[in-house]
Structures are given as structure tokens and as C-alpha cells.
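Letter by letter, the chains look like this.
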Amino acid sequence: MMKKIVLFWVTLLFTGYLFAQTPNNEEKKAFIDDLLSKMTIKEKVGQLRLVSVGGNLTLDKVLDQIEAGEIGGIFNTVVEPDLTYMQDRALKAPNKIPLFLGFDIIHGHRTVFPINLGIAATWDRDAIAKAAEVSADEATSDGLNITWAPMVDITRDPRWGRVSEGFGEDPYLTSEAGRIFVERMQKQVLSDKKSLVTTVKHFALYGAVEAGREYNTTDMSERKMFQEYLVPYKKAIDAGSRAVMVSLVSINGIPATGNHWLLTEVLRNQWHFDGVVISDHGAIRELINHGVASDAKDAVKVAIKAGIDISMNDEYFLKFLPELVNEGVLTEDQINDACRHVLELKYDMGLFNDPHRNLDPKLDIETMFADNRLHREEARDVARRSIVLLKNKDHLLPLAKNKKIAVIGPLADSKRDILGSWSGAGRANLAVTPLEGIKKAVKNPNLVSYAFGANLSDDPQLFKFLNLYEITTKYDERPADKMIAEAVKVAKKSDVVVAFIGEAEGMAHESSSRTDLSLQASQKRLIKALKATGKPLVLALMNGRPLTLPEEYQQADAMLETWFLGTEGGNAIADVLFGDYNPSGKLPMSFPMNVGQIPVYYSYLNTGRPHGTENMGKYTTSYFDSPNEPLFPFGFGLSYTDFTIDFSLSSNEMTPDGQIVVTANVENTGDKAGTETVQLYLQDVTASVSRPVKELVGFENINLKPHEKGEVKFVIKPEMLKFWNDKMQYVSEPGKFNVYVGSDSTTKDKQTFTLLDK
Ligand code: BGC
């Protein structure tokens, strides 16, 4: 009772606080109407421009344009004194409108967390929240007030380099991660000092580019869009994200940046989004290349008419928008609408009251990058939860700390690679490499020996590509056989070999599509030589996408997926290698056996001739030269202990407004404490349209001591049974549903219930 009373008062007080903080709409409207009435068309257009310093736009030029009221926001500048001067100059502009100060905070800020694919691999809402919260905390401490995250593009094609930035193949897991990012970064009260406005991106379907080729076209049925690919953006918007970034690609023939259906009919009219819509870098002028605008002026018109508010790094808004209004091609009201979205957001952020929030011009660069500003403990915890154990023959892992360990490979001691892509505010010199982490963890660091072993690749073209703008990837000039011989020597003197292989961080980035997902030949030779020593071989993968690794899976005695784990990566890897943390990560994306299987994902539709059907001879959906199944399925990940899961339903029938409780009994049958992620999948067996063989609808983590039993409960609600039917209505249809509960997406453990029609 007491608890209830306390809860009541806490809720009441919090609601009161929120109410007090929520801007009064009438006051807001009056303020913005007044402001708009004082602004020239040029100043209004200025609010629609996001600019970064660079190229022709020197800092001085930018400062002058700010003071002239021609810039509404700055991005990708994180030097705090600069941000302060910029905000100072904005306050000298005719209408003194503070700037958005933005940056890509994709997986951490000063402290770099695992790449998002790794964060998703935690399947742990608290870990995701920690990464998002710390990132926002550090970014706001640097004076930033808006970010271009979360990226919630569903990705089922690992040839695309940006799969590293997203949360994987599944709408539910991606939506959960995206929602948590929005809630933890943006905060409920936008004027909170720690609140960072989120920009959900890339709206929409960037992850579904044909053939996984960067910036390519997307073509998809509306059903698949609404059922799967659009879901995470919608959830992020429902969670409150006040900005949306538009994708660079065409959707069913119409570029997203010029797509009225997408940006106005769906986003504004159907979803009631009232924040700002931002075009991606240079996307407006790209409308000419797409072939939907004849020249730059035409591109500006197409973009504004489609529903773009803000242009990112395109000089054309300022050049052509006033002209287009003068000529009557666009109305001033169209500009006012876009400008109002910007001013409303700035108002809600409290920028008019406190434009300099969190800015401290006295903070010097040295202090800004100081180690004591990092959140190492949080980063290490999230990083170790991201690691996925893929194989562990004869319980090779965890390793004893008094063994002689050979740490080998081109990624074993690379500070830059472990940070992963999109880590612009991180500093490689502050990162812990696997070699450093392992040396620190063992009893006697002299027991650890190291060899580079092989270059990441033999291909000089690849190094040219990776090191185009800055030297990020080391190329060792020594002959390949010399490096292998050295590695073999080190291996032979050790009890166990841990080899760090995979990709350079730049291989899993924007504009880093690949057609071949196997390890480079140089690394394959290294592994073969290490295997030939007969020493137990642990393959620790560092990569930003699923790779095709059937051969390596055979060669390895143990295999760990470590992604790019961020600042504390090396320590996190050591925690798992030596059993100070029992691995609990699960794959957020299927790992194909070969490129020919792509796209391979768990939630496929059944066919008329399902694979594995008896008595159908060879006429089933399959390949004659490859299995259908991926090498590692979605949701898969081992532990140093074993778990059993069985489950029951509270009923085998559900009324349209009823619910079913699923109780999963989990037992740790091994002798180590560990965490299992219990996964709940549903299948609508018969409906007006074909439904996937399985869809993830819930997951929960449970920590169990050796031989301990525990229980996880899920509630299946009618809302979870809805889908886009044959008439494109979002409904549930009565009939049979299969429920699967297990430790990965291949679970066959099934119960059934019927949804009644009344
Ligand atoms: C990327 C966006 C990013 C923007 C700003 C673009 O190239 O596609 O994801 O937010 O640059 O850095």
C-alpha cells in the first residue's frame, strides 16, 4: 500500500514537472509568429541551412554568414571554443536566433562504444540505454544540441558497408534499440541541459539498396515497407524524435529527397510528425543526377515541395529559394512552414532562453580530450556484452590466466580500427587494443607474445581506398612469408593462439560496399599457417558486417565476434577471453554461408514448396550448390554455460481484447553463472496474405547462477498480432498462431493458440 502511495505522488510530481517544463503552445505560437513577421525571406531561408566548416567555407566565412542570419545550424565541428564564437555571432544577427550545433554521435562521442551492430548484439535494453545516455551526456557537455542518430535502417545485405551503423535485420530489435536511443538521448524535456535532439535516419529504406551497392536504388512493395522496413522509423518518431534525416536513395523510382508521398503523405499526414525534416549531405543537388530535376534551382523546388525543411551542406537554398518565391514558383508560406518547424524546435529546446547552454569557451583542447572525461567503465561493460561466442570446441574458452598466449594478426594491436567508423570525436590514442587488454589481464605480461602476422590484404588498391583521406590502415612492407614465419614461431612457443582478423574499420563504413565477404587471401594464409602449428586456435573477428566464414569456422577451435568494440574494446575482449565475463551477445544479423544466399534472413515468407518438405523430390525452394540456411542464424550466440528453455501458454485461445501470458522456464544446466536472452517469436499460420515463418516480438535477459532455475514472462497482446492485410489495412485476423520461444531464431519449440473472432 505504502509503495502505491509513494508511486502515486512520484507520478503526480513528475507529471507536474513535465507540465511546468512543457512550453505553453499559445505563448510559443505568439513568439514564433512575431519572430517570423520580423524576418526577411533571406533570414527565413538562413534557418533552413545546415553548414559545416570546410572547403571554400572557411571558419571566417561561416562566422560572417551566421552574423548575417544566413545559417541556421552548424554541424561536424566539435571544438567547443569555435561553437561558442559561432553562437555569439548568431546572437549578433538581426533576429538573434541561436544555432543548432550538430554532430554525428553514432556509437559514442568522446568515449566510443561498440559499433551499433555490436550494441544491438547485446540484446540488452540497459546496455543500449547506457551507450545512448553516456553519448548524449558527453555530447551535451561539449555544447552540442542535436545529433544525426539513431540510424535505424533495416539491413539484410551485408555487402552494404553501413550495416555497421544500424541495429541489424529485424524490425523489432531495431525498433527497440532506436526507441531507447531517442528516449535516452533526447529526454522528455527538450530544454533539459542533458538533452540532445535526435534525428532518426535515413528515412527511408537506405538499408535495402539493390545488390548492397552504396547509394543504389531501392525497390520494394508497400506491404513490405509498412510491415517491416518503415517500422523502426515510425517507432523512433512515436518515441518523440524531433528530427528526421532523409535517405539518399530512390524509393520505387522517386528519390527520397524529392518524394512527396514519403515526406508529406506518410511522414506528416499519416504519422503526424511535427519536427524538422533534414536532407542528407548534398542530397538536393543530387536530384539532378537522379534525373528528377533539370538544374540546381529545379532541385531546390522539388525538395521543398516534397517536404524537406533543412538542407545539409547544399549552397543552393540560399541562392535559389528567395528567387523562387519572388518568381511565384513557391509561396512565402511554403518557406514559412519549413522555417516554423525549425523555430518551434529551437523554442522547445529552450535555445532562445539559453543559447549558450553547456558552452564553455575556457575549455581548452587538451582538457576537452582528457582521459578523465571518458566513461571507460560504461564502455567496457557495453563492449563485453556485445561480444558473441560463435564456437567453443571442448570448452577451450575461457583461457587460464597463466597460459602462454600468442596474440597475432593485423587487428590485434590497432588502436584506430577498434574504434570503428563514425567515431569522429573519439581519439585512437585513448583506445585499448586487444593486445593491451590481454597483457593487462594476465598474471604475467611476459607470457603474452605478439606478431603482426599478415597485412589485412595483399591488394594495394584496397589500401589506397582505405587511406585516401588519412592513413588509417597500416601496411607492413615486409615480405608476406617472413611475417607468417614470425607468427608461426610465436605460435609454436605458446599454449594457445588468439588471432585477430577481419576488416579494417574503413571497410565497414559509408561508401564501403563489398561483393566478396570472405577474408582476404593474406589473412586466410595466416590462419592456415597458424592452424598447421597444431596449437589451439581462437579466431577473434573484428568486422562491421557479417562475413562469409565457413572455412574459418572449421579451422577455429573457438570463435568470437567482437565487431569494433570502441575505446575499451581490448579490455572487454580480455574479460571474455579469460571468463571474467561470460559471453551473452547474440547476432542481430544472419551470417551467410556465401554471398549467393544474400539476402538471407530468418523472417522469410514460406513458399508453396518449402525447403525440407518430404516427398517432393528436388522441386523445393533451395540451391543445388548451397544450403538455404546461413552459417550463423539471427539471434545466435553461445555461453560458457548451457541453458535449457521450455515454455507454456496461459491459454490456447485469445479473444480480440484478451491476452496470453507466455511463461518460459529457464535452467542454467552448467557450472558457470551466465546470462541467457530468451527470444519470443510468433507466426500467423493462415491469413489473407502470406506471413513470415517467424517474427521476433519479444526478448528478455535472465541471469542465472550455476544450476539455478528461473522464469521469464511475456504477454502476447492483440496489437502484436496485427499486420497489413490484403487490402493494406492494419488488422489482426482470427485463426491459428504458432508461438516459439528459444535461445535463437532456429528454435523449433512450438505452442499454438487461436485468436477468436469475438
Ligand atoms: C551521411 C549521414 C551523416 C551526414 C553528416 C552523410 O554522408 O549519409 O548519415 O549524418 O553525412 O555527417
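Residues numbered from 1 in each chain as written. Predicted model: local features only at pLDDT ≥ 70, side-chain atom pairs only at ≥ 80, totals over all residues. Heavy atoms only, no water.

## Concerning the pattern of salt bridges
Scanning all chains against the criterion turns up 56 salt bridges. Here Arg110 and Asp142 are joined by a salt bridge, their closest N and O atoms 2.3 Å apart. Of the two residues, Arg110 sits in the loop between β3 (100-103) and α6 (116-121) while Asp142 sits in the loop between α7 (125-141) and β4 (146-147), which places them 32 residues apart along the sequence. For Lys401, the salt bridge goes to Asp580, with nearest N and O atoms at 2.9 Å. One end of the pair, Lys401, is in the loop between β11 (388-392) and β12 (405-408); the other, Asp580, is in the loop between α24 (569-577) and β17 (643-649), and 179 residues separate them in sequence. Here the salt bridges do not stand alone but share partners, grouping Asp124, Lys130, Arg380, Asp381, Arg384, Arg385 and Asp575 into one network. (Salt bridge = Lys/Arg side-chain N within 4 Å of Asp/Glu carboxyl O. Helix = DSSP H or I, 4+ residues; strand = E, 2+ residues; numbered from the N terminus.)

## Brief notes about the sheet that holds strand β5 (residues 199-203)
Within a sheet, neighbouring strands are paired by backbone hydrogen bonds and run either parallel or antiparallel to one another. Reading across the sheet, the three strands line up as β5-β6-β9 and stay open at both edges, with parallel pairing between neighbours. A single partner strand is all that each edge strand has here, and the edge strands are β5 and β9 (276-278). Along the sheet, successive strands turn relative to each other by an average axial angle of 25 degrees, direction set aside. Looking at chain direction, strand β6 (residues 243-246) and β9 are connected through three bridges and run parallel. Residue pairing for β9: Met245 is matched across the bridge by Ile278. (Pairing = 2+ DSSP bridges. Axes fitted to C-alpha atoms, helices over the stretch in contact; angles between N-to-C directions.)

## Some details on helix α2 (residues 25-38)
For α2, spanning 14 residues, the distance from its first C-alpha to its last is 20 Å, which sits close to the expected 20 Å at 1.5 Å a residue. Of all the residues in α2, the buried ones are Lys28, Ile32, Leu35 and Leu36. Along the long axis of α2, the arc covered by the buried residues comes to 100 degrees, so they all point the same way. Opposite the packed face of α2, turned more than 90 degrees from it, sit the exposed residues Glu26, Glu27 and Ser37. You can read the cap of α2 off the contacts: a side-chain oxygen lies 2.8 Å from the backbone nitrogen of Glu26, and it is on Asn24. (Expected span 1.5 Å × (residues − 1). Buried < 20%, exposed > 50% of the residue type's maximum accessible area, 1.4 Å probe, protein only. Arc of directions from axis to C-beta. Polar contact = N/O pair within 3.5 Å; in protein donor to acceptor, adjacent residues only side chain to side chain.)

## Overview of the site of the ligand
Among the 13 residues in the neighbourhood of the ligand, the closest are listed as Asp104, Arg162, His202, Asp280 and Glu510. Arg162 is positioned with one of its side-chain polar atoms (N or O) 2.8 Å from an oxygen atom of the ligand. A distance of 2.7 Å separates an oxygen atom of the ligand from a polar atom in the side chain of His202. Within the complex, the protein chains bury 94% of what would otherwise be the 310 Å² of accessible surface of the ligand. Across the shell around the ligand, the residue classes tally to five nonpolar, three polar and five charged. (Near = heavy atom within 4 Å. Areas by Shrake-Rupley, 256 points an atom, 1.4 Å probe, with all protein chains shown as cover. Nonpolar A, V, L, I, M, F, W, Y, C, P; charged D, E, K, R; others polar.)

## Structural notes on the environment of Ala177
Note that Ala177 resides in helix α8 (residues 171-186). Relative accessible area serves as the criterion here: at 1%, Ala177 is assigned to the buried category. Counting along the chain gives 35 residues from Ala177 to Gly212, while the straight-line C-alpha distance between them is 23 Å. Sequence-distant contacts of Ala177, that is, excluding residues within four places in its chain, are made with Ile128 and Phe167. (Contact = heavy atoms within 4.5 Å.)

## So, the domain arrangement of the protein
Entries for the protein in the domain assignment read domain 1 (1-34), domain 2 (39-103), domain 3 (385-589) and domain 4 (643-755). Taken over C-alpha atoms, the centre of domain 1 sits 51 Å from the centre of domain 3. (Domains from an automatic or database assignment.)

## Concerning the packing of α2 against helix α15 (residues 332-348)
Between α2 and α15, the shortest axis-to-axis distance is 10 Å and the interhelical angle comes to 130 degrees. By the criterion of interaxial angle, the relationship of α2 to α15 is oblique. α2 and α15 meet at a crossing whose hand is right-handed. Packed against α2, whose contacting residues are Glu27, Lys28, Lys29, Phe31, Ile32, Asp33, Leu35 and Leu36, the element α15 presents Asn336, Cys339, Arg340, Leu343, Glu344, Tyr347 and Asp348 at the interface. A per-class count over the contact of α2 with α15 returns seven nonpolar, one polar and seven charged. (Parallel < 35°, antiparallel > 145°, perpendicular 65-115°, else oblique. Left-handed = near helix turned anticlockwise from the far one by under 90°.)

## Considerations on the environment of Thr746
With respect to the helices and strands, the residue Thr746 is situated in the loop between β25 (735-742) and β26 (750-755). Taking the C-alpha atoms as reference points, Thr746 and Ala90, separated by 656 residues in sequence, lie 56 Å from one another. In contact with Thr746, not counting residues within four places along its chain, are Pro633 and Lys694. Side chain to side chain, Thr746 and Asp744 meet in a polar contact 2.5 Å long.

## Some points on the environment of Val693
With respect to the element layout, Val693 can be found in the loop between β20 (674-684) and β21 (695-704). Residue classification places Val693 among the buried positions, given a relative accessible area of 16%. When the C-alpha atoms of Val693 and Val277 are compared, they prove to be 36 Å apart, with 416 residues separating the residues in sequence. Aside from chain neighbours lying at most four places away, what touches Val693 is Tyr602, Tyr604, Asn606, Gln683 and Tyr740.

## Considerations on the nonpolar core
With 112 residues, the main nonpolar core has Leu144, Phe203, Leu230, Trp271, Phe317 and Leu321 as its most contacted residues. Top element by residues in this core is α7. It accounts for eight residues. If we skip the residues at most four places from it in the chain, Leu230 touches Phe203, Ala204, Leu205, Met225 and Trp271. Ranked by size, the runner-up nonpolar core spans 87 residues in total, among them Val163, Phe463, Ala504 and Leu549. (Core = buried A, V, L, I, M, F, W, Y, C linked by side-chain atoms within 4.5 Å.)

## Some details on the pairing of β6
Every second residue of β6 is oriented toward a common face, with Ala243 and Met245 on one face and Val244 and Val246 on the other, all of them buried. Examined bridge by bridge, β5 and β6 share three bridges and lie parallel to one another. Across the sheet, the residue bridging to Thr199 is Ala243, located in β6.

## A few points about the packing of aromatic side chains
What the rule picks out here adds up to 22 aromatic pairs. When the ring of Phe31 is compared with that of Tyr347, the centres are 5.3 Å apart and the planes differ by 50 degrees; the resulting orientation is tilted. One end of the pair, Phe31, is in helix α2; the other, Tyr347, is in helix α15, with 316 residues separating them in the sequence. Take Phe31: its relative accessible area is 32%, and that puts it in the partly exposed class. Tyr347 gets classed as buried once you look at its relative accessible area, which sits at 19%. Considering the side-chain rings of Trp123 and Phe699, the 5.3 Å spacing of their centres and the 70 degrees angle between planes classify their relative orientation as edge-to-face. In this pair, Trp123 is assigned in the loop between α6 and α7 and Phe699 in strand β21, connecting sequence segments 576 residues apart. You'll find Trp123 and Phe699 in the same group, each marked buried. Among the aromatic residues, those joined into a cluster by ring pairs are Trp123, Tyr172, Tyr602, Phe634, Tyr681 and Phe699. (Phe/Tyr/Trp six-rings, centres within 6.5 Å; stacked < 30°, edge-to-face > 60°.)

## A word on the confidence of the model for the protein
Per-chain confidence: the protein averages 95 in pLDDT, with 97% of residues scoring 70 or above. The spread of mean pLDDT over the elements of the protein runs between helix α1 (residues 2-21), the lowest at 55, and β11, the highest at 99. (pLDDT = per-residue confidence, 0-100.)

## Some details on the sheet that holds β20
Ordered by their spatial adjacency, five strands build an open sheet running β18-β26-β25-β20-β21, and the pairing between neighbours is mixed. Every interior strand has two partners, whereas the edge strands, β18 (653-654) and β21, have only one.

## So, helix α14 (residues 316-326)
Counting buried positions over the eleven residues of α14 gives eight, a clear majority of the element. Of all the residues in α14, the buried ones are Tyr316, Phe317, Leu318, Phe320, Leu321, Pro322, Leu324 and Val325. Elements that come into contact with the buried residues of α14 comprise α3 (41-46), β1 (49-51), α13 (296-306), β10 (311-312) and α15. Downstream of α14 by one or two residues, Gly328 has phi in the positive range, about 80 degrees.

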